[in-house]
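If you want the building blocks of each chain, they are given just below.
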Amino acid sequence: MKKLVIAAAVATTFLGGFAQAEDAKPEAKPDNEVSFNIGLASEYRYRAIAQSRMDPALQGGADYTHNPSGFYAGTWLSTIKWTKDAGGGGDIEWDLYAGKKGEIVKDVSYDVGVLSYVYPSNGLNKVPGFVDANTTEIYGQIGTGPVYAKYSHSVTNLFGFVNSKNSGYLDLGANIELPEGYTLGLHVGRQTIKNNGAYSYSDWKVGVNKEFFGVNFGLAALGTNADSKLYVTPAGKFTGKTTLVLTAVKTF
């Protein structure tokens, strides 16, 4: 989640007629922060599976953070096509999330929360072989430096799969700062779908991000080992194939 940037302040004191500049000190963050974001993706991939039929997607959201407690909440939306491809309806994914983050001990962070994926008018419960697409997961993450490990656990059926409650997703990654303001993102993941083992798969991503003219641009290569006969569009295109995804996000 993208947060507001707080500028550093420099205090200057004068002693005995000589100017002595103190070290730059960051201003304290406000108790409450709110940010908004809007973006465009060359295609929307989630856990490296195409959500927008390999077509561009419009995305945006809002985030709130209470800095003293580490509590946060937010919402995010994206255009999609996968629910229609599965025989249902709807063309929007609407995410709602809340959690708390902080430090367990010095230099070891945690992040725990709940995330609901809502697909208005998806109608998959009326399609043979599917249940309602709406999904809720709880998650926990620990990190140190640029490295993190995160596990998400579904407390409902997962994305329309029948009898898939208690599915899990393991996410291991690192976000490494590079010279000139670039960030290198590395990720491997494993999606396990309860009682639907043929649909379980692993995924990976290597990407780089940098801000230009106040817009964060990202370019990532990603792919999966998902079954190419199961993860397909109505036209037979493999939705987990290796590809490049370009994103542009403005936060304000």
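All figures in this text were calculated on a predicted structure; none of them were measured in a lab.

> Mind showing me how you'd approach the packing of aromatic side chains here?
Any pair of aromatic rings gets described here by the distance separating the centres and the angle formed by the planes. All chains considered together, the criterion is met by 12 aromatic pairs. On the numbers, 5.7 Å between centres and 75 degrees between planes, the contact of Tyr 199 with Tyr 231 is edge-to-face. Of this pair, Tyr 199 sits in the loop between strand E15 (183-192) and strand E16 (201-212) while Tyr 231 sits in the loop between strand E17 (215-224) and strand E18 (243-251), and the two are 32 residues apart along the sequence. On the basis of relative accessibility, which here comes to 26%, the residue Tyr 199 falls in the partly exposed class. Through a chain of ring-to-ring contacts, the aromatic side chains of Tyr 46, Trp 82, Tyr 117, Tyr 119 and Phe 159 assemble into a single cluster. The ring of Tyr 139 carries the charged tip of Lys 150 above its face, separated from the ring centre by 4.6 Å.

> Teacher, can you tell me more about the environment of Val 118 here?
Along the chain, Val 118 falls in strand E11 (residues 108-118). Placed 41 residues apart in sequence, Val 118 and Phe 159 show a C-alpha to C-alpha distance of 9.6 Å. If near-sequence neighbours (up to four positions away) are discounted, Val 118 is found in contact with Ile 92, Glu 93, Trp 94, Leu 96 and Asn 134.

> Can you help me understand the sheet that holds E15 in this one?
Within a beta sheet, neighbouring strands are joined by backbone hydrogen bonds and run either parallel or antiparallel to one another. Read around the barrel, 12 strands follow the order E5-E8-E9-E10-E11-E12-E13-E14-E15-E16-E17-E18 and close on themselves; strand pairing throughout is antiparallel. Each adjacent strand pair in this sheet contributes to an overall mean axis angle of 20 degrees, direction not counted. Two elements, strand E9 (residues 71-79) and strand E10 (residues 92-105), share 9 bridges in a ladder whose sense is antiparallel. Opposite Thr 79, over in E10, you have Ile 92 as the bridge partner.

> Would you mind showing me how to read the environment of Thr 233 here?
Topologically, Thr 233 is positioned in the loop between E17 and E18. Using a relative accessible area of 6% as the deciding quantity, one classes Thr 233 as buried. With 147 residues separating them in the primary sequence, Thr 233 and Ala 86 have C-alpha atoms 8.2 Å apart. Each residue touching Thr 233, except ones within four places of it in the same chain, is listed here: Arg 53, Met 54, Asp 85 and Thr 239.

> Please clarify how the confidence of the model for the chain should be interpreted in this entry.
Low pLDDT marks stretches whose predicted atomic positions should not be read closely. With 90% of its residues at a pLDDT of 70 or more, the chain shows a mean pLDDT of 91. Counting contacts from residues 1-23, a segment whose pLDDT is below 50, to residues more than four positions away or on other chains yields 36 contacts.

> Where do I start with the pairing of E11 in this structure?
Consecutive residues of a regular strand have side chains that alternate between opposite faces of the sheet. Direction of pairing for E10 relative to E11: antiparallel, over a ladder of 11 bridges. In the sheet register, Glu 103 faces E11, and the bridge partner there is Ser 109. In this structure, the hairpin formed by E10 and E11 is closed by a connection of 2 residues, where Asp 107 is found at a positive phi of approximately 70 degrees. Relative to strand E12 (residues 135-144), E11 runs antiparallel, the two sharing 9 bridges. The residue bridging Asp 111 from the neighbouring strand is Gln 141, located in E12.

> Looking at this structure, how should I read the pattern of salt bridges?
Opposite charge on two side chains lets them pair, provided their charged atoms get close. This structure, assessed with the given rule, holds 4 salt bridges. Two residues, Arg 45 and Glu 43, come together in a salt bridge whose shortest N-O distance is 2.8 Å. Glu 43 matches Arg 45 in its accessibility class, with the two residues each being buried.

> Mind showing me how you'd approach the side chain of Arg 47 here?
When you line up the elements, Arg 47 lands in the loop between strand E6 (45-46) and strand E7 (49-50). At 2.8 Å, the side chain of Arg 47 forms a polar contact with the side chain of Glu 137. If we skip the residues at most four places from it in the chain, Arg 47 touches Tyr 117, Glu 137, Ser 152, Phe 159, Tyr 169, Gln 191, Tyr 201, Asp 203 and Thr 224.

> What exactly am I supposed to notice about the nonpolar core here?
Taken as a class, soluble globular proteins show a tendency for nonpolar side chains to be buried jointly. Within the largest apolar cluster, 23 residues are counted, with the highest numbers of intra-cluster contacts made by Trp 82, Tyr 119, Leu 124, Phe 159 and Tyr 231. Elements with a minimum of two residues in this core: E9 and E11. Discounting residues that sit within four places of it in the chain, Phe 159 has contacts with Tyr 46, Arg 47, Trp 82, Tyr 117, Tyr 119, Ala 133 and Thr 135.

> What am I meant to see in the environment of Thr 242 here?
Among the secondary structure elements, Thr 242 is positioned in the loop between E17 and E18. On the basis of relative accessible area, Thr 242 is assigned to the exposed category, the value being 52%. Separated by 194 residues in the primary sequence, Thr 242 and Ala 48 have C-alpha atoms spaced 8.5 Å apart. In contact with Thr 242, not counting residues within four places along its chain, are Trp 204, Leu 222 and Gly 223.

Cut-offs applied
- Residues numbered from 1 in each chain as written.
- Predicted model: local features only at pLDDT ≥ 70, side-chain atom pairs only at ≥ 80, totals over all residues.
- Heavy atoms only, no water.
- Phe/Tyr/Trp six-rings, centres within 6.5 Å; stacked < 30°, edge-to-face > 60°.
- Helix = DSSP H or I, 4+ residues; strand = E, 2+ residues; numbered from the N terminus.
- Buried < 20%, exposed > 50% of the residue type's maximum accessible area, 1.4 Å probe, protein only.
- Lys NZ or Arg CZ within 6 Å of the ring centre and 35° of its normal.
- Contact = heavy atoms within 4.5 Å.
- Pairing = 2+ DSSP bridges.
- Axes fitted to C-alpha atoms, helices over the stretch in contact; angles between N-to-C directions.
- pLDDT = per-residue confidence, 0-100.
- Salt bridge = Lys/Arg side-chain N within 4 Å of Asp/Glu carboxyl O.
- Polar contact = N/O pair within 3.5 Å; in protein donor to acceptor, adjacent residues only side chain to side chain.
- Core = buried A, V, L, I, M, F, W, Y, C linked by side-chain atoms within 4.5 Å.

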